[in-house]
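Summary of structural features
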Amino acid sequence: MDLRTEEVMTVPRFVRLKGRRPIVMVTAYDFPMAQLVDQAGVDGILVGDSLGMVVQGRPNTLSVTWEQMLYHAEMVGRAVQRALVVVDFPFPLSQLEPAQVLTHAAEALRLPGVSAVKLEGGQELVPSVQRLVRAGVPVMAHCGLRPQSVHRLGGYRIQRDRQTLLQEALALQQAGAFAVVVECVSAPVAQELTQALQVPTIGIGAGPHCDGQVLVLHDLLGLNTGPVPKFAKAYAQLASTIRQAVQQFCQEVRQGRYPGPEHSYQ
Ligand code: KIV
(Lines give C-alpha, C1' and ligand atoms only; values in the text may rest on other atoms or scores of the structure.)
Protein backbone atom coordinates (compact mmCIF):
# COMPACT_ATOMS: atom_id res chain seq x y z
CA MET A 1 0.00 0.00 0.00
CA ASP A 2 1.39 3.42 -1.00
CA LEU A 3 0.90 5.75 1.97
CA ARG A 4 2.32 8.83 0.26
CA THR A 5 0.18 11.93 0.17
CA GLU A 6 -0.16 13.91 -3.03
CA GLU A 7 -1.43 16.91 -1.07
CA VAL A 8 0.86 19.78 -0.19
CA MET A 9 1.80 19.20 3.45
CA THR A 10 0.75 22.02 5.72
CA VAL A 11 1.31 22.28 9.45
CA PRO A 12 -2.35 21.44 10.30
CA ARG A 13 -2.25 18.39 7.96
CA PHE A 14 1.02 17.29 9.53
CA VAL A 15 -0.49 17.52 13.03
CA ARG A 16 -3.63 15.62 11.95
CA LEU A 17 -1.48 12.63 10.91
CA LYS A 18 -1.01 11.79 14.61
CA GLY A 19 -2.88 8.57 15.32
CA ARG A 20 -3.69 8.04 11.61
CA ARG A 21 -0.42 6.88 10.11
CA PRO A 22 3.31 7.21 10.86
CA ILE A 23 4.87 10.50 9.76
CA VAL A 24 8.10 10.38 7.73
CA MET A 25 10.79 13.04 7.80
CA VAL A 26 14.35 13.20 6.51
CA THR A 27 16.94 15.93 6.46
CA ALA A 28 18.09 17.59 3.24
CA TYR A 29 20.53 20.41 2.63
CA ASP A 30 20.57 21.10 -1.12
CA PHE A 31 18.36 21.37 -4.19
CA PRO A 32 18.78 17.96 -5.89
CA MET A 33 18.51 15.92 -2.69
CA ALA A 34 15.49 17.91 -1.51
CA GLN A 35 13.82 17.37 -4.88
CA LEU A 36 14.50 13.62 -4.74
CA VAL A 37 13.27 13.06 -1.18
CA ASP A 38 10.19 15.19 -1.89
CA GLN A 39 9.45 13.10 -4.98
CA ALA A 40 9.96 9.94 -2.89
CA GLY A 41 7.03 11.01 -0.73
CA VAL A 42 8.32 12.13 2.68
CA ASP A 43 5.94 14.22 4.76
CA GLY A 44 8.54 16.63 6.08
CA ILE A 45 12.07 17.79 5.26
CA LEU A 46 14.30 19.17 7.99
CA VAL A 47 17.12 21.48 7.00
CA GLY A 48 19.01 20.32 10.08
CA ASP A 49 22.09 21.82 11.66
CA SER A 50 23.41 18.26 11.28
CA LEU A 51 24.75 19.74 8.04
CA GLY A 52 27.71 20.85 10.16
CA MET A 53 28.68 17.19 10.50
CA VAL A 54 27.49 15.49 7.30
CA VAL A 55 28.11 18.32 4.81
CA GLN A 56 30.84 20.43 6.42
CA GLY A 57 32.70 17.49 7.99
CA ARG A 58 32.88 19.01 11.46
CA PRO A 59 32.90 16.97 14.69
CA ASN A 60 29.64 18.49 15.96
CA THR A 61 26.93 20.99 15.00
CA LEU A 62 28.16 23.90 17.12
CA SER A 63 29.93 25.95 14.47
CA VAL A 64 27.01 26.13 12.02
CA THR A 65 25.89 29.73 11.51
CA TRP A 66 22.45 31.17 10.79
CA GLU A 67 23.70 32.49 7.43
CA GLN A 68 24.70 28.93 6.48
CA MET A 69 21.30 27.60 7.56
CA LEU A 70 19.55 30.19 5.38
CA TYR A 71 21.83 29.38 2.44
CA HIS A 72 20.87 25.70 2.60
CA ALA A 73 17.21 26.36 3.46
CA GLU A 74 16.80 28.54 0.37
CA MET A 75 17.96 25.70 -1.90
CA VAL A 76 15.75 23.14 -0.17
CA GLY A 77 12.68 25.38 -0.06
CA ARG A 78 12.94 26.11 -3.80
CA ALA A 79 13.22 22.40 -4.64
CA VAL A 80 10.26 21.13 -2.65
CA GLN A 81 6.76 20.97 -4.11
CA ARG A 82 4.88 19.03 -1.46
CA ALA A 83 6.64 18.20 1.82
CA LEU A 84 6.67 20.47 4.88
CA VAL A 85 10.04 22.23 5.08
CA VAL A 86 11.34 22.96 8.59
CA VAL A 87 14.51 24.98 9.28
CA ASP A 88 16.65 24.26 12.33
CA PHE A 89 17.94 27.01 14.61
CA PRO A 90 21.71 26.49 15.04
CA PHE A 91 23.60 27.01 18.32
CA PRO A 92 22.98 29.26 20.25
CA LEU A 93 20.17 31.09 18.45
CA SER A 94 17.23 29.48 20.20
CA GLN A 95 18.64 30.77 23.51
CA LEU A 96 18.41 34.43 22.44
CA GLU A 97 15.67 36.75 23.70
CA PRO A 98 12.22 35.94 22.23
CA ALA A 99 12.16 39.10 20.07
CA GLN A 100 15.50 38.15 18.50
CA VAL A 101 14.37 34.58 17.97
CA LEU A 102 11.34 35.96 16.14
CA THR A 103 13.51 38.17 13.92
CA HIS A 104 15.54 35.11 12.88
CA ALA A 105 12.46 32.92 12.38
CA ALA A 106 10.99 35.59 10.11
CA GLU A 107 14.10 35.41 7.90
CA ALA A 108 13.55 31.66 7.49
CA LEU A 109 9.85 31.96 6.78
CA ARG A 110 10.48 34.59 4.10
CA LEU A 111 12.30 31.93 2.04
CA PRO A 112 10.20 30.24 -0.63
CA GLY A 113 8.86 26.86 0.47
CA VAL A 114 9.80 27.16 4.16
CA SER A 115 6.90 26.69 6.60
CA ALA A 116 8.33 26.16 10.10
CA VAL A 117 11.37 26.35 12.35
CA LYS A 118 12.81 23.87 14.86
CA LEU A 119 14.24 24.91 18.22
CA GLU A 120 16.42 22.58 20.28
CA GLY A 121 15.95 22.98 24.03
CA GLY A 122 13.69 22.59 27.04
CA GLN A 123 11.62 24.64 29.43
CA GLU A 124 13.80 27.74 28.90
CA LEU A 125 12.40 28.02 25.36
CA VAL A 126 8.78 28.44 26.46
CA PRO A 127 8.76 32.28 26.15
CA SER A 128 10.32 32.13 22.68
CA VAL A 129 7.94 29.42 21.46
CA GLN A 130 4.99 31.44 22.77
CA ARG A 131 6.31 34.58 21.01
CA LEU A 132 6.81 32.79 17.70
CA VAL A 133 3.44 31.07 17.78
CA ARG A 134 1.70 34.35 18.67
CA ALA A 135 3.34 35.85 15.59
CA GLY A 136 2.17 32.95 13.40
CA VAL A 137 5.42 30.97 13.20
CA PRO A 138 4.98 27.18 13.47
CA VAL A 139 7.55 25.71 15.87
CA MET A 140 8.83 22.15 16.05
CA ALA A 141 10.45 21.46 19.44
CA HIS A 142 13.45 19.12 19.98
CA CYS A 143 13.80 17.27 23.31
CA GLY A 144 15.81 14.35 24.67
CA LEU A 145 19.36 14.33 23.37
CA ARG A 146 20.25 17.83 22.29
CA PRO A 147 23.34 17.71 20.07
CA GLN A 148 23.92 21.44 20.69
CA SER A 149 24.59 20.53 24.36
CA VAL A 150 27.09 17.79 23.47
CA HIS A 151 29.83 19.22 25.71
CA ARG A 152 27.57 19.54 28.76
CA LEU A 153 26.21 16.02 28.16
CA GLY A 154 29.68 14.57 27.64
CA GLY A 155 28.79 12.93 24.34
CA TYR A 156 25.89 11.70 22.21
CA ARG A 157 24.15 9.43 24.73
CA ILE A 158 20.72 8.06 25.44
CA GLN A 159 18.78 10.45 27.73
CA ARG A 160 17.21 8.64 30.67
CA ASP A 161 15.64 11.44 32.72
CA ARG A 162 12.01 10.50 32.01
CA GLN A 163 10.47 13.12 34.31
CA THR A 164 12.38 16.05 32.79
CA LEU A 165 11.63 14.88 29.27
CA LEU A 166 7.90 14.65 29.96
CA GLN A 167 7.81 18.04 31.70
CA GLU A 168 9.77 19.74 28.93
CA ALA A 169 7.74 18.29 26.08
CA LEU A 170 4.43 19.07 27.78
CA ALA A 171 5.57 22.65 28.49
CA LEU A 172 6.64 23.15 24.86
CA GLN A 173 3.34 21.73 23.59
CA GLN A 174 1.50 24.05 25.98
CA ALA A 175 3.56 26.95 24.60
CA GLY A 176 2.30 26.10 21.12
CA ALA A 177 4.83 23.74 19.49
CA PHE A 178 3.07 21.76 16.73
CA ALA A 179 5.39 18.71 17.00
CA VAL A 180 8.28 17.47 19.12
CA VAL A 181 11.42 15.75 17.87
CA VAL A 182 12.48 13.18 20.48
CA GLU A 183 16.11 12.14 20.14
CA CYS A 184 17.91 9.19 21.79
CA VAL A 185 15.35 8.17 24.37
CA SER A 186 14.36 4.61 25.36
CA ALA A 187 11.41 3.17 23.45
CA PRO A 188 9.12 2.87 26.54
CA VAL A 189 9.75 6.49 27.56
CA ALA A 190 9.15 7.73 24.01
CA GLN A 191 5.91 5.70 23.96
CA GLU A 192 4.75 7.29 27.22
CA LEU A 193 5.60 10.72 25.86
CA THR A 194 3.76 10.03 22.60
CA GLN A 195 0.66 9.02 24.55
CA ALA A 196 0.91 12.07 26.81
CA LEU A 197 1.16 14.62 23.98
CA GLN A 198 -1.59 15.76 21.65
CA VAL A 199 0.94 16.88 19.03
CA PRO A 200 3.04 14.40 17.03
CA THR A 201 6.34 13.09 18.35
CA ILE A 202 9.00 12.56 15.69
CA GLY A 203 11.56 10.05 16.91
CA ILE A 204 15.22 9.65 16.09
CA GLY A 205 16.77 6.85 18.12
CA ALA A 206 13.55 6.77 20.16
CA GLY A 207 12.03 3.42 19.17
CA PRO A 208 8.96 2.49 17.15
CA HIS A 209 6.16 4.09 19.17
CA CYS A 210 6.65 7.72 18.17
CA ASP A 211 4.13 9.27 15.78
CA GLY A 212 6.84 9.61 13.16
CA GLN A 213 10.52 9.03 12.40
CA VAL A 214 13.25 11.30 11.12
CA LEU A 215 16.69 10.27 9.88
CA VAL A 216 19.69 12.22 8.71
CA LEU A 217 19.70 11.67 4.94
CA HIS A 218 23.41 10.78 4.76
CA ASP A 219 22.85 7.97 7.32
CA LEU A 220 19.79 6.68 5.46
CA LEU A 221 21.65 6.63 2.13
CA GLY A 222 24.86 5.10 3.45
CA LEU A 223 26.73 8.27 2.47
CA ASN A 224 28.41 8.70 5.82
CA THR A 225 32.07 7.75 5.90
CA GLY A 226 32.35 8.35 9.66
CA PRO A 227 30.74 6.52 12.58
CA VAL A 228 26.97 6.00 12.34
CA PRO A 229 24.68 5.75 15.40
CA LYS A 230 23.04 2.39 16.29
CA PHE A 231 19.56 3.67 15.43
CA ALA A 232 20.44 4.76 11.90
CA LYS A 233 19.49 2.25 9.20
CA ALA A 234 21.21 2.57 5.82
CA TYR A 235 18.73 1.87 3.00
CA ALA A 236 21.46 2.25 0.36
CA GLN A 237 25.25 2.19 0.21
CA LEU A 238 25.90 5.35 -1.75
CA ALA A 239 29.41 5.92 -0.37
CA SER A 240 30.67 2.76 -2.07
CA THR A 241 28.57 3.40 -5.19
CA ILE A 242 30.16 6.86 -5.55
CA ARG A 243 33.66 5.54 -4.88
CA GLN A 244 33.21 2.79 -7.49
CA ALA A 245 31.80 5.18 -10.11
CA VAL A 246 34.67 7.64 -9.69
CA GLN A 247 37.27 4.81 -9.66
CA GLN A 248 35.84 3.60 -12.96
CA PHE A 249 36.04 7.13 -14.40
CA CYS A 250 39.69 7.35 -13.28
CA GLN A 251 40.44 4.01 -14.91
CA GLU A 252 38.70 4.82 -18.21
CA VAL A 253 40.43 8.20 -18.56
CA ARG A 254 43.83 6.72 -17.72
CA GLN A 255 43.33 3.83 -20.17
CA GLY A 256 42.11 6.17 -22.96
CA ARG A 257 38.64 4.55 -23.01
CA TYR A 258 36.79 7.74 -22.08
CA PRO A 259 35.65 9.83 -23.91
CA GLY A 260 34.66 7.47 -26.72
CA PRO A 261 33.15 8.53 -30.06
CA GLU A 262 29.63 8.60 -28.52
CA HIS A 263 30.77 11.28 -26.04
CA SER A 264 32.70 13.38 -28.59
CA TYR A 265 31.60 16.06 -31.08
CA GLN A 266 32.68 15.46 -34.74
O1 KIV B 1 19.95 18.60 12.75
C2 KIV B 1 19.30 17.57 12.55
O3 KIV B 1 19.44 16.89 11.54
C4 KIV B 1 18.35 17.16 13.58
C5 KIV B 1 17.79 15.79 13.47
C6 KIV B 1 18.80 14.84 13.97
C7 KIV B 1 16.48 15.66 14.16
O8 KIV B 1 18.07 17.91 14.47
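What you see is a predicted model, and the numbers here were worked out from it, not measured in a lab. (Residues numbered from 1 in each chain as written. Predicted model: local features only at pLDDT ≥ 70, side-chain atom pairs only at ≥ 80, totals over all residues. Heavy atoms only, no water.)

In terms of residue burial, strand β4 (residues 114-120) counts as a mostly covered element, since six of its seven residues are buried. Bridge count for strand β3 (residues 84-88) against β4 is four bridges, and the pairing is parallel. Note that in β4 the partner of Asp88 across the bridge is Lys118. Taking the sense of rotation as the criterion, the β-α-β connection linking β3, helix α5 (residues 98-109) and β4 turns out right-handed. When β4 meets strand β5 (residues 139-144), the two strands line up parallel, connected through four bridges. Following the sheet pairing, Lys118 is matched in β5 by Met140. You can see the chain leave β4, run along helix α6 (residues 126-134) and come back into β5, and the turn it takes is right-handed. (Buried < 20%, exposed > 50% of the residue type's maximum accessible area, 1.4 Å probe, protein only. Helix = DSSP H or I, 4+ residues; strand = E, 2+ residues; numbered from the N terminus. Pairing = 2+ DSSP bridges. Right-handed = clockwise from strand over helix to strand, strands pointing away.)

Near the ligand you find Thr27, Leu46, Gly48, Asp49, Ser50, Asp88, Lys118, His142, Val181, Ile204 and Val216, and these make up its full shell. Measuring from an oxygen atom of the ligand, one finds a side-chain N or O atom of Asp88 at 3.1 Å. Protein contact buries 95% of the 260 Å² of open area that the ligand shows by itself. Partitioning the shell around the ligand into residue classes produces four nonpolar, four polar and three charged. (Near = heavy atom within 4 Å. Polar contact = N/O pair within 3.5 Å; in protein donor to acceptor, adjacent residues only side chain to side chain. Areas by Shrake-Rupley, 256 points an atom, 1.4 Å probe, with all protein chains shown as cover. Nonpolar A, V, L, I, M, F, W, Y, C, P; charged D, E, K, R; others polar.)

A pair of packed helices is characterised by two quantities: the angle between their axes and the separation of those axes. Interaxial distance between helix α2 (residues 31-40) and helix α4 (residues 66-79) falls to 8 Å at its minimum, and their mutual angle equals 40°. Considered as vectors, α2 and α4 are oriented oblique to each other. As α2 packs across α4, the resulting crossing turns out to be right-handed. In contact with Phe31, Ala34, Gln35 and Asp38 of α2, α4 contributes Met75, Val76, Arg78 and Ala79. Split into classes, the residues belonging to the contact of α2 with α4 amount to five nonpolar, one polar and two charged. (Axes fitted to C-alpha atoms, helices over the stretch in contact; angles between N-to-C directions. Parallel < 35°, antiparallel > 145°, perpendicular 65-115°, else oblique. Left-handed = near helix turned anticlockwise from the far one by under 90°. Contact = heavy atoms within 4.5 Å.)

In total, this model carries ten salt bridges according to the counting rule given. As a salt-bridge pair, Asp43 and Arg21 come within 2.8 Å of each other at their nearest N and O atoms. Of the two residues, Asp43 is situated in the loop between α2 and β2 (44-47) and Arg21 in the loop between α1 (11-16) and β1 (23-27); the sequence distance between them amounts to 22 residues. Just as Asp43 is buried, Arg21 falls in that class too. In this structure, the salt-bridge partner of Glu168 is Arg146, at a minimum N-O distance of 3.1 Å. (Salt bridge = Lys/Arg side-chain N within 4 Å of Asp/Glu carboxyl O.)

A separate point is the domain arrangement of the chain. By domain assignment, the chain separates into domain 1 (3-235) and domain 2 (236-266). Put simply, the middle of domain 1 and the middle of domain 2, counted by C-alpha atoms, are 38 Å apart. Taken together, the contact between domain 1 and domain 2 spans seven residues of the former and six residues of the latter. Summing both sides of the interface, domain 1 and domain 2 together bury roughly 490 Å²; the carbon and sulfur share of this comes to 58%. Contact with domain 2 buries area across many residues of domain 1, yet Leu221, Gly222 and Leu223 alone supply 61% of it, more than any other trio. Applying the counting criterion to the domain 1 and domain 2 interface returns zero salt bridges. Put simply, domain 1 and domain 2 have four residue pairs in polar contact (both at pLDDT 80 or more) between them. Looking at the side of domain 1 that touches domain 2 residue by residue, the classes come out as five nonpolar, two polar and no charged. (Domains from an automatic or database assignment. Buried area = accessible area lost by both parts, 1.4 Å probe.)

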